[in-house]
Amino acid sequence: MIPPELIVAVLSEPFPNGISHYAIGGLLVGLGVVVIYLGTGVAAGASTFLESTLSYGSKLPRFQRYAPSRDWRVVFTLGIVAGAAVYAIALGEGVWTTDVQWWRLLLGGVLIGVGTRLGKGCTSGHGVCGVGSASSASFVGVITFLLIAIGTAHLVQAAGVMP
Amino acid sequence: MSADHEQHPLFLPLVFAGGLIFGFGLALSEMAKPEVVLSFLQFEDFGLLFVMFGAAAVTGLVFFTAPRLLGRAPMTGAVYRRRLKTLDRNVVLGGGVFGVGWGLSGICPGAAYASLGIGNYAILWGIAGMFVGAYVQGYWRSAGAEAGASSPTGAD
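Residues numbered from 1 in each chain as written. Chains lettered and ligands numbered in written order. Predicted model: local features only at pLDDT ≥ 70, side-chain atom pairs only at ≥ 80, totals over all residues. Heavy atoms only, no water.

**Focus: the overall build of chain A**
Broken down by element type, chain A carries eight helices and zero strands. Ordered by position from N to C terminus, the α and β elements of chain A give α-α-α-α-α-α-α-α. The C-alpha atoms of chain A give 19 Å as radius of gyration, which overshoots the globular expectation for 163 residues (15 Å, by more than 25%). Based on the C-alpha atoms only, the size of chain A along its principal axes is roughly 70 × 40 × 40 Å. Across the 163 residues of chain A, 54% fall into the buried class. Partitioning the contacts of chain A with sequence separation of at least 6, the portion at a separation of at least 24 is 49%. As displayed, chain A has an accessible area near 6700 Å², and 73% of this comes from carbon and sulfur atoms. Counting 8 positive and 6 negative side-chain charges, chain A places the averaged centre of each group 25 Å from the other. (Helix = DSSP H or I, 4+ residues; strand = E, 2+ residues; numbered from the N terminus. Rg over C-alpha atoms; globule rule 2.2 N^0.38 Å. Buried < 20%, exposed > 50% of the residue type's maximum accessible area, 1.4 Å probe, protein only. Contact = heavy atoms within 4.5 Å. Areas by Shrake-Rupley, 256 points an atom, 1.4 Å probe, with all protein chains shown as cover. Lys, Arg positive; Asp, Glu negative; His and termini not counted. Charge placed at Lys NZ, Arg CZ, Asp CG, Glu CD.)

**Notes on the packing of aromatic side chains**
What the rule picks out here adds up to 15 aromatic pairs over all chains. Centroid distance A:Tyr37 to B:Phe63: 4.4 Å. Interplanar angle 40°. Geometry classified as tilted. Of the two residues, A:Tyr37 is situated in helix 2 (residues 20–40) and B:Phe63 in helix 3 (residues 48–69); the pairing between them involves two chains. Ring geometry for B:Phe43 against B:Phe46: centres 5.6 Å apart, planes inclined by 15°, an arrangement best described as stacked. An aromatic cluster is defined as three or more aromatic residues linked by ring pairs; in this entry it consists of A:Tyr37, B:Phe63 and B:Tyr80. (Phe/Tyr/Trp six-rings, centres within 6.5 Å; stacked < 30°, edge-to-face > 60°.)

**Side note on unusual backbone geometry**
The phi angle of most residues is negative, glycine excepted, and most peptide bonds adopt the trans form. The omega torsion across A:Met162 and A:Pro163 is -15°, close enough to zero to call that bond cis. Relative to the helices and strands, A:Pro163 is located in the segment after helix 8 (136–158). A positive phi is found at A:Lys120, a non-glycine position, where the angle reads about 70°. Structurally, A:Lys120 is set in the loop between helix 6 (102–118) and helix 7 (125–132). Even without glycine at this site, B:Glu30 takes up a positive phi of about 70°. With respect to the secondary-structure elements, B:Glu30 resides in the loop between helix 1 (11–28) and helix 2 (34–41).

**Concerning the side chain of B:Lys33**
By secondary structure assignment, the location of B:Lys33 is in the loop between helix 1 and helix 2. Residue classification places B:Lys33 among the buried residues on the basis of a relative accessible area of 13%. When near neighbours in sequence (up to four residues on either side) are disregarded, B:Lys33 contacts A:Glu93, A:Trp96 and B:Ile118.

**Section: the interface of chain A and chain B**
It is common to give the size of an interface as the accessible area lost on bringing the parts into contact. If you look at the interface, chain A gives 124 residues, while chain B gives 117 residues. Interface of chain A and chain B: buried area, both sides summed, is about 10800 Å²; carbon and sulfur atoms make up 75% of it. Ranking the residues of chain A by area buried against chain B places A:Tyr22, A:Trp96 and A:Lys120 at the top, with a combined share of 8%. The interface formed by chain A and chain B holds two salt bridges in total. The shortest N-O distance in the salt bridge between B:Asp88 and A:Lys120 comes to 2.8 Å. Inspection of the chain A/chain B interface yields 33 residue pairs in polar contact (both at pLDDT 80 or more). At the level of elements, helix 2, helix 3 (48–54), helix 4 (61–64), helix 5 (67–90), helix 6, helix 7 and helix 8 of chain A are the ones that each hand at least two residues to the side of chain A that touches chain B. Looking at the side of chain A that touches chain B, the element that brings in the most residues is helix 2 of chain A, giving 20 residues. Its residues assigned to classes, the side of chain A that touches chain B shows 69 nonpolar, 45 polar and 10 charged. (Buried area = accessible area lost by both parts, 1.4 Å probe. Salt bridge = Lys/Arg side-chain N within 4 Å of Asp/Glu carboxyl O. Polar contact = N/O pair within 3.5 Å; in protein donor to acceptor, adjacent residues only side chain to side chain. Nonpolar A, V, L, I, M, F, W, Y, C, P; charged D, E, K, R; others polar.)

**A closer look at helix 7 of chain A**
The element helix 7 of chain A is extensively covered by neighbouring structure, given that eight of its eight residues are classed as buried. Along helix 7 of chain A, the positions that sit buried rather than exposed are A:Gly125, A:His126, A:Gly127, A:Val128, A:Cys129, A:Gly130, A:Val131 and A:Gly132. Buried residues belonging to helix 7 of chain A abut helix 2 and helix 8 of chain A together with helix 3 and helix 4 (89–105) of chain B. Phi for A:Ala134, located one or two positions after helix 7 of chain A, is positive at around 50°.

In structure tokens form, the structure reads like this:
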């Protein structure tokens, strides 16, 4: 007979911080997408904001193709910033800043900018909207970026880059 | 070109409300903290699996039922569709490049915007990088299109 405490301990080991805030947060992320979708028919992803916002300052046709959606994409992004701010204020978490080094954020950001645009989506476009649509392109995209990110994060850790 | 939001006075308020819920969820799930994302990628805490699959479960339910049960979207008149992209070499190449960036930094676009909302001004390094990367990619793509080498591809 296995003691129930042991079963709980084994099951919870991969989740040292519990699962409820992850699961509820995920459901809210999905709900945010759904609210926009039900009203407008648009499955909104977060990374197209980069290209659509560049259309304000660049005449390249590549960016101008997103001009019709650029205003609402700015509003969507401002909503995301405001929503996180509401969380920080309402739940008393307050201001939080990262210790991850600036060059990791900058270099990572450049690769993310290239990769999401080339690969047609990011964690929200492919990972949430695409997977929710059972899109084969999105399954391939998610599996690719998840495996590569896991490998990269382990390499960075093994190389002793902290934090 | 007419803007998408010209059709309905509640279009922008609704998009803002959706973004608000989306950003609140990202902050609550701690995806807005690069350290937490990195601890997931380094197999120290698998909780983030619940974020992506929880979100996809909600969108999946609606993306599959709305086209069958509802007519057209009230604010745009758009037909409800799923989000489908063409699967080609770029999905794998771009996914790989994105993966390196995500694994190096622990940030992704939506979570980076949310991170700004929790006061993490250092994330501006990452957001600036994303704009540079998107510009470089668009510049290459435009040069290729002018040479007739590639056709326009949708992105989200």
